[in-house]
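Commentary on secondary and tertiary structure
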Amino acid sequence: MGNTADSTEKLGERVIAAKAKLEQDLKNQTERYEYLKTNSPQTLPTVMQSVADSFETCSPFLESALLIAWLYDAQKCSQVVLKACKKVLKAPIKAEEYEWFKHYCINSSIWMLPSATSKNGTFMYQELFSLAESVSSNIIQSMDSIYEHLQTHAQWHKVKGIRNQTIVSRQDDKSVGLLHERGLKHILEQKSADEMTDNMKSFIDSNLA
């Protein structure tokens with residue numbers, strides 16, 4: 001009970017902190033947006049285009065620029081963000097794009113804002129959840145269709161007849177060779193060589209650099 005209460009309390013604290021951060025971020029960027037709107041209105045379309053280009057190419061972007069773009073044109077900004085996220089999450093997922101998504105997108109305050117493209121009063125994070133579910137659903141359907149196709153093969157019964165067989169259950173089993181004298185000797189020699197290399201590097205850096 002104590003652990004559950006502590007977890008709930010910590011979660012509540014995180015929600016309050018996130019809400020305060022979002023309010024402060026919006027306040028700051030609203031002031032900047034109003035200043036640009038009054039003194040340099042031609043800058044706003046440029047900011048919007050810059051953000052769109054970043055999401056199109058999965059490139060780094062500033063959180064402040066994203067929020068200003070949202071204030072300038074929430075509907076277009078929402079479409080740009082969700083389109084990029086769908087591209088990243090759609091199979092086949094590319095590692096570099098997914099890293100960009102984790103590092104820049106998922107931590108953005110924009111997900112706590114009301115969706116500009118939905119008429120149901122949903123928030124952006126709910127739009128992201130729906131998008132992820134639809135993408136994963138397509139992947140599951142593809143895998144199911146592949147499995148169903150395999151079942152029609154004439155040799156499928158032979159595949160089904162294969163049974164699991166454990167040959168070695170532990171990596172320190174004698175048959176693996178990790179504990180053999182030759183294996184231990186090789187490990188010790190390698191460790192000694194690495195230490196010698198490190199010592200030589202340290203000597204060169206200290207005395208010759």
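What you see is a predicted model; the values in this text were computed from it and never measured.

Rules behind the numbers
Here the residue numbers are simple positions, counted from 1 along each chain's written sequence. The predicted origin of the model limits local features to residues at a pLDDT of at least 70 and limits the giving and counting of side-chain atom pairs to 80 or more, whereas totals for whole chains, interfaces and linings rest on all residues. Note that the side-chain values use all heavy atoms of the structure and ignore hydrogens as well as water. We count a stretch as a helix when DSSP gives it H or I for four or more residues in a row; a strand needs E for two or more, and each element gets its number in order from the N terminus. Partly exposed describes any residue whose relative accessible area lies between the buried limit of under 20% and the exposed limit of over 50%, with all areas from a 1.4 Å probe on protein chains only and scaled to the type maximum. Computed by Shrake-Rupley with a 1.4 Å probe, the accessible areas treat only the displayed protein chains as cover when residues are assessed. The aromatic pairing rule takes the rings of Phe, Tyr and Trp, using the six-membered ring of Trp, and pairs them if the centres are within 6.5 Å, calling planes under 30 degrees apart stacked, those over 60 edge-to-face and the rest tilted. Patch membership requires more than 30% relative accessible area and the absence of a salt bridge. Residues of like charge join within 9 Å; the nonpolar side chains Val, Leu, Ile, Met, Phe, Trp and Tyr join within 5 Å. Put simply, a salt bridge is a Lys or Arg side-chain nitrogen that is within 4 Å of an Asp or Glu carboxyl oxygen. Multiplying 1.5 Å by the residue count of a helix minus one yields the expected span of that helix. Every residue pair with non-hydrogen atoms within 4.5 Å of one another is taken to be in contact. Any pair of cysteine sulfurs within 2.5 Å is marked as a disulfide. Fitting a line to C-alpha atoms yields each axis, with helices limited to the stretch in contact; the angle taken between N-to-C directions then spans 0 to 180 degrees. Roughly parallel means an angle under 35 degrees; roughly antiparallel means over 145; roughly perpendicular covers 65 to 115; every other angle is labelled oblique. Residues belong to one nonpolar core when they are buried, are Ala, Val, Leu, Ile, Met, Phe, Trp, Tyr or Cys, and are joined through side-chain atoms within 4.5 Å.

Time to look at the overall build of the protein. Along its length, the protein carries eight helices and zero strands. Counting all 209 residues of the protein, 23% fall into the buried class. Here the protein has roughly 15,900 Å² of accessible surface; of this, 56% comes from carbon and sulfur atoms.

This part takes up the packing of aromatic side chains. Within the structure shown, the criterion is met by eight aromatic pairs. For the pair Phe 61 and Trp 100, a centre-to-centre distance of 6.4 Å together with 70 degrees between the ring planes defines the contact as edge-to-face. Taken together, the residues span a long stretch of sequence, with Phe 61 in the loop between helix H2 (43–57) and helix H3 (63–72) and Trp 100 in helix H5 (residues 95–105) at a distance of 39 residues. Here Phe 61 matches Trp 100 in class, with each residue buried. Consider the rings of Phe 123 and Tyr 125, whose centres lie 6.1 Å apart with planes at 25 degrees: the pair is stacked. For Tyr 125, a relative accessible area of 31% translates into the label partly exposed.

Judged by side-chain polarity, Met 112, Phe 123, Tyr 125 and Phe 129 come together as a nonpolar surface patch covering roughly 380 Å² of accessible area. If you trace the backbone, Met 112 turns up in the loop between H5 and helix H6 (124–151).

Turning our attention to the pattern of salt bridges. Under the defined criterion, the tally for this structure stands at four salt bridges. Ionic pairing is found between Glu 31 and Lys 27, a salt bridge with its closest N-O pair at 3.0 Å. Residue Glu 31 and its partner Lys 27 are both found in helix H1 (residues 2–39); the two are separated by four residues, about one turn of the helix. With relative accessibility at 46%, the residue Lys 27 sits in the partly exposed group. The shortest N-O distance in the salt bridge between Lys 87 and Glu 97 comes to 4.0 Å. Of this pair, Lys 87 sits in helix H4 (residues 74–89) while Glu 97 sits in helix H5; the two residues are ten residues apart in sequence, bridging distant segments of the chain. By relative accessible area, which is 40% here, Lys 87 ends up partly exposed.

Along its 16 residues, H4 runs 22 Å from first to last C-alpha, staying within 8% of the 22 Å computed at 1.5 Å per residue. Among the residues of H4, Cys 77, Ser 78, Val 80, Val 81, Leu 82, Ala 84, Cys 85, Val 88 and Leu 89 are the ones counted as buried. The secondary structure elements touched by the buried residues of H4 are H2, H3, H5 and H6.

Here the focus is the state of the cysteines. Linking two cysteines covalently via their sulfur atoms produces the bond known as a disulfide. For the coordinates displayed, the defined rule picks out zero disulfides. Counting only cysteine sulfurs, Cys 105 is the nearest neighbor of Cys 58, a cysteine outside any disulfide, at a range of 7.5 Å. The class for Cys 58 is buried, based on a relative accessible area of 14%. In this structure Cys 105 is not part of a disulfide, and its nearest cysteine sulfur, from Cys 85, lies 4.7 Å away. We classify Cys 105 as buried; its relative accessible area is 2%.

Our focus in this paragraph is the packing of H2 against H4. At their nearest, the axes of H2 and H4 sit 9 Å apart, and the two run at 10 degrees to each other. Between H2 and H4, the angle falls in the class roughly parallel. Together, Met 48, Ala 52, Phe 55 and Glu 56 of H2 and Lys 76, Cys 77, Val 80, Val 81, Lys 83, Ala 84 and Lys 87 of H4 make up the contact between the two elements.

In this section: the nonpolar core. In this structure, Phe 55, Val 81 and Trp 100 are the most contacted members of the largest nonpolar core, which totals 35 residues. Where this core is concerned, the elements lending two or more residues are H1, H2, H3, H4, H5 and H6. For this core, the element with the highest residue contribution is H4, accounting for eight residues. Excluding residues within four positions of it along the chain, Val 81 makes contact with Phe 55, Leu 66, Ile 110, Trp 111 and Met 124.

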